Amino acid sequence: MMTTMIDVRALNQYYGQSHTLWDIDIEIAQGQCTCVLGRNGVGKTTLMQSIMGLVPNVQGEVLFSGQNMVKLPAESRASMGIGYIPQGRQIFSQLTVEENIRTGFFASRSKLKNVPATIYELFPVLAEMRRRRGGDLSGGQQQQLAIARALVLEPTVLIMDEPAEGIQPTIVQEIADVIKSLVRDKGITVILVEQKLAFARQVGNHYVILDRGRLMAKGLMSDLDDTIVDQYLTV
Ligand SMILES: Nc1ncnc2c1ncn2[C@@H]1O[C@H](COP(=O)(O)OP(=O)(O)OP(=O)(O)O)[C@@H](O)[C@H]1O
Ligand SMILES: [Mg+2]
């Protein structure tokens, strides 16, 4: 049976006069990975930021375990257990790897003093590089760092916005494996924005497709067929 973790209902969003998201209804299944697909500029990031509370003028409901969060600030949503990994990673290049991870502590529910060993077990390369500056890391290592920073929150839900963007293929597979393990072994609910269909098919249980700010299709990843792909995803 599918339990809904996050329920987005009749969501509309506006940047000033510009109506960006239109009447979005999405159910995010607990303990599974839902991929948000769509071409450039269709509103994927805006939808993630609407769920996280990072954009203005969001109307409708965002229910988390049944509670409407739509008026809550992002910090409250983080404290409730929603982790957010922004597009482009946004790590601090002047801070060390360890300091970057520590910036995730502020919103964590358990009052952490040190980076949990499990984080470095998941990403051994970050343990090796813990005293190096964030800016010295490769793109793939920075993405691992961004995931690590979000994980110290011990999130129930993890939102990841295009984690494989601009990363060399060998590391892309490592990131896919990490996401699968977060879902399978830790029971984390993942919302993954992704443009690479092969990646999405590999890690996703469900898909939703946006086009020009509207929800065009949703369902089981195993049911995502070529007609839909050609219509909404191929360029
Ligand atoms: N801060 C903003 N102010 C005004 N308009 C914005 C803002 N951010 C995004 N937009 C516009 O909203 C629309 C959706 O953008 P968004 O970044 O959500 O798309 P996306 O699907 O994530 O794109 P990409 O695949 O390139 O990451 C675009 O037309 C974009 O220009
Ligand atoms: Mg985006």
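Right above here is the structure, for reference.
This is a predicted model, so every value here is computed, not measured.

Scoring rules and cut-offs
Residues numbered from 1 in each chain as written. Chains lettered and ligands numbered in written order. Predicted model: local features only at pLDDT ≥ 70, side-chain atom pairs only at ≥ 80, totals over all residues. Buried ≥ 20, exposed ≤ 12 C-beta atoms within 10 Å, placed from the backbone. Helix = DSSP H or I, 4+ residues; strand = E, 2+ residues; numbered from the N terminus. Right-handed = clockwise from strand over helix to strand, strands pointing away. Pairing = 2+ DSSP bridges. Near = placed C-beta within 6 Å. Nonpolar A, V, L, I, M, F, W, Y, C, P; charged D, E, K, R; others polar. Core = buried A, V, L, I, M, F, W, Y, C linked by C-beta atoms within 7 Å. Contact = placed C-beta atoms within 7 Å.

So, the pairing of strand 7 (residues 157-161)
Logical step 1: Among the five residues of strand 7, five are classified as buried, and the element is accordingly described as predominantly covered.
Logical step 2: The two faces of strand 7 match: Val157, Ile159 and Asp161 on one face and Leu158 and Met160 on the other face are all buried.
Logical step 3: You can see the chain leave strand 7, run along helix 7 (residues 169-184) and come back into strand 8 (residues 189-193), and the turn it takes is right-handed.

Some points on the pairing of strand 4 (residues 58-64)
Logical step 1: Note: strand 1 (residues 4-15) against strand 4, six bridges, orientation antiparallel. For Gln13, the partnering residue across the bridge sits in strand 4 and is Val58.
Logical step 2: Bridging between strand 4 and strand 5 (residues 67-68) involves two bridges; their strand directions are antiparallel. Across the sheet, residue Leu63 finds its bridge partner in strand 5, namely Asn68.

Structural notes on unusual backbone geometry
Logical step 1: The backbone of Ala10 shows a phi angle near 50°, a positive value even though the residue is not glycine.
Logical step 2: Along the chain, Ala10 turns up in strand 1.
Logical step 3: Even without being glycine, Arg89 reaches a positive phi, approximately 70°.
Logical step 4: On the secondary structure map, Arg89 appears in the loop between strand 6 (82-85) and helix 3 (97-102).
Logical step 5: Taking the C-beta count within 10 Å as the criterion, Arg89 has 22 such neighbours and is therefore assigned buried.

Here's the deal with the site of ligand 1
Logical step 1: The environment of ligand 1 is made up of Tyr15, Ser18, Thr20, Gly38, Asn40, Gly41, Val42, Gly43, Lys44, Thr45, Thr46 and Gln87.
Logical step 2: Of all the secondary-structure elements, those providing two or more residues to the shell around ligand 1 are strand 2 (18-29) and helix 1 (44-52).
Logical step 3: With three residues, helix 1 is the single largest residue contributor to the shell around ligand 1.
Logical step 4: Considering only residue class, the shell around ligand 1 consists of two nonpolar, nine polar and one charged.

Considerations on helix 1
Logical step 1: Helix 1 sits mainly inside the fold: eight of its nine residues count as buried.
Logical step 2: Among all positions in helix 1, only Lys44, Thr46, Leu47, Met48, Gln49, Ser50, Ile51 and Met52 are buried.

Some thoughts on the nonpolar core
The tendency in soluble globular proteins is for nonpolar side chains to be buried side by side.
Logical step 1: Core analysis: the largest hydrophobic core is formed by 67 residues, its most contacted members being Val36, Ile159, Val190 and Leu192.
Logical step 2: Broken down by element, the residue count for this core peaks at six residues, all from helix 6 (residues 139-151).
Logical step 3: Apart from the residues within four sequence positions on either side, Val190 is in contact with Cys33, Leu158, Met160, Ile179, Leu182 and Val183.

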